[in-house]
Amino acid sequence: MTPALLLPNLGNESTPFVLLVALLAGVLTFVEYNSVFPSIVEFRDAAPFNRLRFVALFTIIFSLSLILSGMSHPTLMSTAVTSVGTIAGNAIDFPYSPVRLVVLMLPSDATSATINFVRTAAGTSYIVSLFAMTAFLVMVRVLNWPARSGAFNVWVNLPVFDPTAGGDVVERLHRDARINIVIGFLLPFLVPAVVKLASDLLEPITLQHPQTLIWTIAAWAFLPASIIMRGIAMGKIADMIEEKRKRAYAEAELEHDNGFQLA
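Residues numbered from 1 in each chain as written. Predicted model: local features only at pLDDT ≥ 70, side-chain atom pairs only at ≥ 80, totals over all residues. Heavy atoms only, no water.

**Student:** Please provide a residue-by-residue account of the packing of helix α4 (residues 76-92) against helix α6 (residues 112-141), values included.
**Tutor:** The contact between α4 and α6 brings their axes to 7 Å, and the two run at 90°. As far as their axial angle goes, α6 and α4 are roughly perpendicular. Contacts between α4 and α6 involve Thr-82, Gly-85, Thr-86, Ala-88, Gly-89, Asn-90 and Ile-92 from the former and Arg-119, Thr-120, Gly-123, Thr-124, Tyr-126 and Ile-127 from the latter. For the contact of α4 with α6, the per-class residue count stands at four nonpolar, eight polar and one charged. (Axes fitted to C-alpha atoms, helices over the stretch in contact; angles between N-to-C directions. Helix = DSSP H or I, 4+ residues; strand = E, 2+ residues; numbered from the N terminus. Parallel < 35°, antiparallel > 145°, perpendicular 65-115°, else oblique. Contact = heavy atoms within 4.5 Å. Nonpolar A, V, L, I, M, F, W, Y, C, P; charged D, E, K, R; others polar.)

This is the structure in structure tokens:
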């Protein structure tokens, strides 16, 4: 709902549709988190994984909406967010960086306002995503997520992962973790290249469609970060299962030795 509520001059025809979609998403989330059986939401009972991702996405959308609305109706908050985003965008805008690739994705006739906004928005989104990934890595490595929350239920938290599909579960989790991390790392570089190659088929990015522009840049920054966080989480789950196996084998061997000594 944030872009529709914050951006000026959007017209009232899109607001009811946005509110309906937001209400539907809220109802589905409420039903999912109050259901006994899992459906498609991963790490449902492994807080605060999904909360961190939601906060990161909301921060990106809210920041970009403030920056875009401040271009026509500047406020103290929008000016501050724009200044921070401009510094971040200029700092990351070096050759072959994801921000530079997003700027190069724009059509050759793009206005300076569009270029400046895209650079600022890309820098802001990328920095927020990096902070989210760093925070989650600290939770995993320092705060021992998700072990501190109690027992981890693989069926509830990984509903789309089938442990009986074949092969060792630990090896499959490690493989999926590596694949997710690699894909998440490459996406910020691949998406601008694909959009640039398909520029003849896709409508060029302009300020004429502010909500589309905001969600496109937010998805470009958030989805790779979310995929990398998923890979880190799956790697941690694999490590937990492997450690539990080692403890079980050690206990079984100890019981066997004690039984042999008694005999």
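The structure having been displayed, the exposition proceeds.
**Student:** Tell me about the pattern of salt bridges, and please be specific about residues and values.
**Tutor:** Applying the stated criterion across every chain, the model contains eight salt bridges. A salt bridge links Arg-100 to Asp-93, with the nearest nitrogen and oxygen atoms 2.5 Å apart. You can call Asp-93 buried: its relative accessible area is 15%. Its salt-bridge partner being Arg-119, residue Asp-93 comes within 2.8 Å of it at the nearest N-O pair. Placement of Asp-93 in the loop between α4 and α5 (98-104) and of Arg-119 in helix α6 is noted, with a sequence separation of 26 residues between them. (Salt bridge = Lys/Arg side-chain N within 4 Å of Asp/Glu carboxyl O. Buried < 20%, exposed > 50% of the residue type's maximum accessible area, 1.4 Å probe, protein only.)

**Student:** Account for the packing of aromatic side chains, naming residues and giving values.
**Tutor:** For the structure on display, the rule yields 10 aromatic pairs. Between Phe-43 and Phe-49, the ring centres sit 4.7 Å apart and the planes meet at 55°, which makes this aromatic pair tilted. Per residue, the accessibility class of Phe-43 equals that of Phe-49, and both read buried. On the numbers, 5.8 Å between centres and 45° between planes, the contact of Phe-185 with Phe-189 is tilted. Here the residue Phe-185 and the residue Phe-189 both occupy positions in helix α8 (residues 169-197), the gap between them amounting to four residues, near one helical turn. For Phe-189, a relative accessible area of 26% puts it in the partly exposed group. An aromatic cluster of at least three residues, connected via ring pairs, comprises Phe-43, Phe-49, Phe-136, Trp-145 and Phe-152. (Phe/Tyr/Trp six-rings, centres within 6.5 Å; stacked < 30°, edge-to-face > 60°.)

**Student:** How would you explain α8 if you had to name every residue and give the values?
**Tutor:** The terminal C-alpha atoms of α8, which comprises 29 residues, lie 39 Å apart, in line with the 42 Å expected from a rise of 1.5 Å per residue. The sharpest bend along α8 measures roughly 45° and falls at Leu-187, with the proline Pro-188 sitting one to four residues further on. Buried within α8 we find Val-169, Val-170, Arg-172, Leu-173, Asp-176, Ala-177, Asn-180, Gly-184, Pro-188 and Pro-192. By the N-cap criterion, in which a side-chain oxygen at the helix start approaches the backbone nitrogen of a residue two or three places on, α8 is capped by Asp-168, the distance to Val-170 being 3.1 Å. (Expected span 1.5 Å × (residues − 1). Bend = angle between axes of the 7 residues up to and from the residue. Polar contact = N/O pair within 3.5 Å; in protein donor to acceptor, adjacent residues only side chain to side chain.)

**Student:** Residue-level account of α4, with values.
**Tutor:** Taking 1.5 Å as the rise per residue, α4 with 17 residues should run 24 Å; its terminal C-alpha atoms sit 25 Å apart, in good agreement. Those residues of α4 that sit buried are Ser-78, Gly-85, Ala-88, Gly-89 and Ile-92. For α4, the arc enclosing every buried residue in end-on projection is 100°, short of the 170-degree limit, so these residues lie on one face. Looking at α4, the residues exposed on the side facing more than 90 degrees away from the buried face are Leu-76, Val-84, Ile-87 and Ala-91. Its buried side turned inward, α4 meets α3 (49-70), α5 and α6. (Arc of directions from axis to C-beta.)

**Student:** How would you explain a nonpolar patch on the surface if you had to name every residue and give the values?
**Tutor:** A grouping of Val-182, Phe-185, Leu-186, Leu-190 and Val-194 is seen on the molecular surface, where their side chains present a nonpolar patch of about 460 Å² in accessible area. Mapped onto the elements, Leu-190 comes out in helix α8. (Patch = residues over 30% accessible without salt bridge, like charges linked within 9 Å, V, L, I, M, F, W, Y side chains within 5 Å. Areas by Shrake-Rupley, 256 points an atom, 1.4 Å probe, with all protein chains shown as cover.)

**Student:** An account of the packing of α3 against α6 is requested, with residue identities and associated values reported.
**Tutor:** Close contact between α3 and α6 brings their axes to 10 Å; oriented N to C, the two are set at 160°. Looking at the two axes, α3 sits roughly antiparallel to α6. In terms of crossing hand, the pair formed by α3 and α6 is right-handed. Every residue of α6 that contacts α3 at Phe-49, Leu-52, Ala-56, Thr-59, Ile-60, Ser-63, Leu-64, Ile-67 and Leu-68 is listed here: Phe-117, Thr-120, Ala-121, Thr-124, Ser-125, Val-128, Ser-129, Ala-132, Ala-135, Phe-136 and Met-139. Residue classes in the contact of α3 with α6 are distributed as 14 nonpolar, six polar and no charged. (Left-handed = near helix turned anticlockwise from the far one by under 90°.)

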